[in-house]
Amino acid sequence: MTLSRLPFFEERHAALAADVEQVAAQVAPRAAAADAGDVNAAALEILAILARAGLLRLLAPTNPAADASALELRSLCLARERLAFASGLADSVFAVDGLGAYPIALAGSDDLKRRYLPGVVDGSRVGAFAITEANAGSDLRAMRLAARRDGGNYILDGAKTFISNAGIASHYVVFARTSEDERRGISAFVADASPSIAVNPIPLLAPHPIGELTFASCVIPASNRLGEEGDGLKIAHATLDFFRASVGAAACGLAARALAEARTRVSARKQFGGTIADFQATKMTLADMATELDAARLLVYRAAWLKDRGTPRITREASMAKLFATETAQRVVDRAVQLHGGLGVVRGVAVERLYREVRALRIYEGTSEIQRLIIGEQVLKGSDPIFSLSVNANPRDPDPGIYGK
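What counts and what doesn't
- Residues numbered from 1 in each chain as written.
- Predicted model: local features only at pLDDT ≥ 70, side-chain atom pairs only at ≥ 80, totals over all residues.
- Heavy atoms only, no water.
- Helix = DSSP H or I, 4+ residues; strand = E, 2+ residues; numbered from the N terminus.
- Rg over C-alpha atoms; globule rule 2.2 N^0.38 Å.
- Buried < 20%, exposed > 50% of the residue type's maximum accessible area, 1.4 Å probe, protein only.
- Contact = heavy atoms within 4.5 Å.
- Core = buried A, V, L, I, M, F, W, Y, C linked by side-chain atoms within 4.5 Å.
- Salt bridge = Lys/Arg side-chain N within 4 Å of Asp/Glu carboxyl O.
- Polar contact = N/O pair within 3.5 Å; in protein donor to acceptor, adjacent residues only side chain to side chain.
- 1 Å grid on protein atoms, 1.4 Å probe; cavity = no way out; pocket = protein on both sides within 12 Å on 5 of 7 lines; lining within 4 Å.
- Points joined across faces, edges and corners; volume = space filled by probe spheres on them.
- Nonpolar A, V, L, I, M, F, W, Y, C, P; charged D, E, K, R; others polar.
- Axes fitted to C-alpha atoms, helices over the stretch in contact; angles between N-to-C directions.
- Parallel < 35°, antiparallel > 145°, perpendicular 65-115°, else oblique.
- Phe/Tyr/Trp six-rings, centres within 6.5 Å; stacked < 30°, edge-to-face > 60°.
- Lys NZ or Arg CZ within 6 Å of the ring centre and 35° of its normal.
- Expected span 1.5 Å × (residues − 1).
- Pairing = 2+ DSSP bridges.

Caption draft 1: Representation of the overall build of the protein within the structure. In terms of regular secondary structure, the protein is built from 11 helices and 10 strands. A globule of 405 residues ought to have a C-alpha radius of gyration of about 22 Å, and the protein, at 21 Å, matches this closely. Split into buried and exposed, the 405 residues of the protein put 54% on the buried side. Partitioning the contacts of the protein with sequence separation of at least 6, the portion at a separation of at least 24 is 74%.

Here you go:
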């Protein structure tokens, strides 16, 4: 599906997509080498390439006085889709750098924005988003990392796990418990990497800078708190609401690469006197892959377009995009492996790498099961008829869509 066929874009988006594709071609060889080398070094080199190309400006306002509303979700989605097409590693370190910047742009003081955001844009800083704990994944209210007030500081003790960019991040946006209040007991902080934050790497199916963080009497100035004490969950949800659709975009990139690899393979592989592309079953499989991918893209870019036109919350649309696109990508990649036959499970073949890379997308930033719960709750809350086609003339007000808000 070309951008010119979608109603969600402007000419500048086509130019951005072309720029990202050129940069993605540069990072792909370095990312591929990370499978057998130093993944942290590869990740930092990738981010340096993205910084030199000016792509990190998509993750944080270039003007520190601006806030998160200055960011455009369509551009982020376009970048993630094309980076993921080339490399799942490149996409992931790029996106997590953004997760470590967005809460600062959203709720940070002017001083925090000046101190952290320009560094994200020029590549001198790398961000991370530290929210998951061993017993607090989908259930964020169960987190136990404690932040105790001590004069002008907070003292953090506890642990986080499955934190992407751990070990390469220069700062972490950390969510910690400041009280036992169920609704307002969690606060958000910016913590600089330091010896009081120990990093223990976690080996994954697809190499990726990720690990467990242990906070041992980690001192964070109260001025590094984001928003008011107790705003943590609100900040986390707003951040995930923005980034969730972009996970779907990354899934589309992986699926598009799988489809491209499958098309090449079936056109070259000869069996029974012809190429396997000549078989009706092959054509039907490719048709299903392409159709589901196009449907996923439409959901992703609908959510991004709604956000960019001023819709305050896109919870339902983002969850639909994330759910459908990641589940679709899993199916498309699996079919691509099947069409490759035995070659599809050989280490180093593109679809084998995609098979390892795609699996995590159905888990992080809200599992598929959690997305279904969110969507179901939104359906039950809807006051409009199921087949409502109402169009909101005011772009600053939310469009109720087909289910309502």
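Caption draft 2: Focus on the nonpolar core. Among the nonpolar cores identified, the biggest contains 125 residues, and Leu50, Phe94, Leu156, Tyr172 and Phe175 are the most heavily contacted of them. Among the elements that take part in this core, helix 7 (residues 232-268) stands out by supplying 19 residues, more than any other. Other than its neighbours up to four places away in sequence, Phe175 contacts Phe129, Ala130, Ile131, Met143, Leu145, Lys160, Ile186, Ser187, Ala188, Gly232, Ile235 and Ala236.

Caption draft 3: A look at the pattern of salt bridges. In the structure shown here, the tally under the stated rule is 26 salt bridges. We note a salt bridge from Arg316 to Glu317, for which the minimum N-O separation is 2.9 Å. With relative accessibility at 1%, the residue Glu317 sits in the buried group. Among the ionic pairs, Glu357 bridges to Arg353, the shortest N-O distance being 2.7 Å. Placement of the pair is Glu357 and Arg353 together in helix 10 (residues 350-358), with a separation of 4 residues, close to one helical turn. Taken individually, Glu357 and Arg353 each receive the classification buried, so the pair is uniform in this respect. Each of Glu10, Arg12, Glu72, Arg74 and Asp308 takes part in a single network of salt bridges with overlapping partners.

Caption draft 4: A look at the environment of Asp67. Examined against the element boundaries, Asp67 turns out to sit in the loop between helix 2 (39-52) and helix 3 (73-86). Judged by its relative accessible area of 34%, Asp67 is partly exposed. In this structure the C-alpha to C-alpha distance between Asp67 and Lys113, which are 46 residues apart in sequence, comes to 8.6 Å. Residue contacts for Asp67: discarding those within four places in its chain leaves Pro61, Ala105 and Lys113. Of the polar contacts made by the side chain of Asp67, one reaches the side chain of Ser69; its length is 2.4 Å.

Caption draft 5: Summary view of the layout of surface pockets. The computed volume of the second largest pocket comes to approximately 410 Å³. Lining the second largest pocket are 19 residues, and of these Ala68, Ser69, Tyr102, Lys307 and Thr311 sit closest to its centre. Of all elements in the fold, only helix 5 (102-107), helix 7 and helix 8 (280-308) reach the threshold of two or more residues within the lining of the second largest pocket. Grouping the constituent residues of the lining of the second largest pocket by class yields 9 nonpolar, 3 polar and 7 charged.

Caption draft 6: Summary view of the packing of helix 1 (residues 11-33) against helix 2. Where helix 1 contacts helix 2, the axes come no closer than 10 Å and their chain directions differ by 170 degrees. The angle between helix 1 and helix 2 falls in the class roughly antiparallel. Contacts between helix 1 and helix 2 pair Val23, Gln26, Val27, Arg30 and Ala31 from the former with Ala41, Ala42, Glu45, Ile46, Ile49 and Leu50 from the latter. Looking at side-chain class alone, the contact of helix 1 with helix 2 contains 8 nonpolar, 1 polar and 2 charged residues.

Caption draft 7: Molecular detail of the packing of aromatic side chains. Summed over all chains, the structure comprises 8 aromatic pairs. Aromatic pair Phe8 and Trp305: ring centres 6.0 Å apart, planes at 50 degrees, arrangement tilted. Note that Phe8 is positioned in the segment before helix 1 and Trp305 in helix 8, a separation of 297 residues in sequence. Consider the rings of Phe242 and Phe243, whose centres lie 5.5 Å apart with planes at 70 degrees: the pair is edge-to-face. Using a relative accessible area of 3% as the deciding quantity, one classes Phe242 as buried. Taken together, Tyr102, Phe242 and Phe243 form an aromatic cluster joined through their ring pairs. A cation sits over an aromatic face here: Arg257 above Phe85, 5.6 Å from the ring centre. Residue placement shows Lys322 over the ring face of Tyr364; its charged tip is 6.0 Å from the ring centre.

Caption draft 8: Inspection of the side chain of Arg353 at higher detail. Using a relative accessible area of 15% as the deciding quantity, one classes Arg353 as buried. Other than its neighbours up to four places away in sequence, Arg353 contacts Ala86, Ser87, Gly88 and Arg257.

Caption draft 9: Here's a closer look at helix 9 (residues 315-340). Taking 1.5 Å as the rise per residue, helix 9 with 26 residues should run 38 Å; its terminal C-alpha atoms sit 37 Å apart, in good agreement. Taking burial as the measure, the 26 residues of helix 9 include 21 buried ones, the bulk of the element. The first or second residue beyond helix 9 is Gly341, which carries a positive phi of 65 degrees.

Caption draft 10: Highlighting the pairing of strand 5 (residues 186-192). Most of strand 5 is tucked away, with 6 of its 7 residues classed as buried. Where strand 5 lies against strand 8 (residues 225-226), 2 bridges are found, and the strand directions are antiparallel. The residue bridging Phe189 from the neighbouring strand is Arg225, located in strand 8.

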